[in-house]
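# Analysis of the macromolecular model
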Amino acid sequence: MAQGNLGNDRPKAYLPLGHIDAIENKEREEGEPVRWARVRLQHSDGSEGTFLFTFEEMKNAMIRAELNKEDLPPKGFLQRLQDLID
């Protein structure tokens, strides 16, 4: 059963690029989280992969991006347009 707001018990079979969902850690060992944040990402060379992060790692990454904006490339026209739509 899903815990709190950490996703659901029926994760999508297909995860769209750039999306995040939560999946159960089925063979959990001591010290591991109950759920993983599953993320599908694309590298600049076009290759794609699915990655598992803890929710703490995701939170830390969000904070790091907010605090270190100078390290991020400037947003292009299409990204700014998408931000207006969202």
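Below you will find a few notes about this structure.

Reading the values: the criteria
Residues numbered from 1 in each chain as written. Predicted model: local features only at pLDDT ≥ 70, side-chain atom pairs only at ≥ 80, totals over all residues. Heavy atoms only, no water. Helix = DSSP H or I, 4+ residues; strand = E, 2+ residues; numbered from the N terminus. Buried < 20%, exposed > 50% of the residue type's maximum accessible area, 1.4 Å probe, protein only. Contact = heavy atoms within 4.5 Å. Areas by Shrake-Rupley, 256 points an atom, 1.4 Å probe, with all protein chains shown as cover. Polar contact = N/O pair within 3.5 Å; in protein donor to acceptor, adjacent residues only side chain to side chain. 1 Å grid on protein atoms, 1.4 Å probe; cavity = no way out; pocket = protein on both sides within 12 Å on 5 of 7 lines; lining within 4 Å. Points joined across faces, edges and corners; volume = space filled by probe spheres on them. Nonpolar A, V, L, I, M, F, W, Y, C, P; charged D, E, K, R; others polar.

A count of helical and extended segments in the protein chain gives two helices and three strands. Order of helices (α) and strands (β) in the protein chain, N terminus to C terminus: β-β-β-α-α. Residue burial in the protein chain is summarised as follows: out of 86 residues, 15% are buried. Nonlocal contacts in the protein chain, meaning residues at least 24 apart in sequence, comprise 24% of its contacts between residues at least 6 apart. For the protein chain, the accessible surface area stands at approximately 7400 Å², while carbon and sulfur atoms represent 55% of it.

Position of Arg28 among the secondary structure elements: in the loop between β1 (20–24) and β2 (35–42). Excluding anything up to four places from it in sequence, Arg28 contacts Pro33 and Val34. Within the local environment of Arg28, its side chain forms a polar contact with the backbone oxygen of Glu32, the two atoms lying 2.7 Å apart.

Reported here for the largest pocket is a volume of approximately 160 Å³. Around the largest pocket, the lining residues are Lys69, Leu72, Pro73 and Lys75. Its residues placed into classes, the lining of the largest pocket shows two nonpolar, no polar and two charged.

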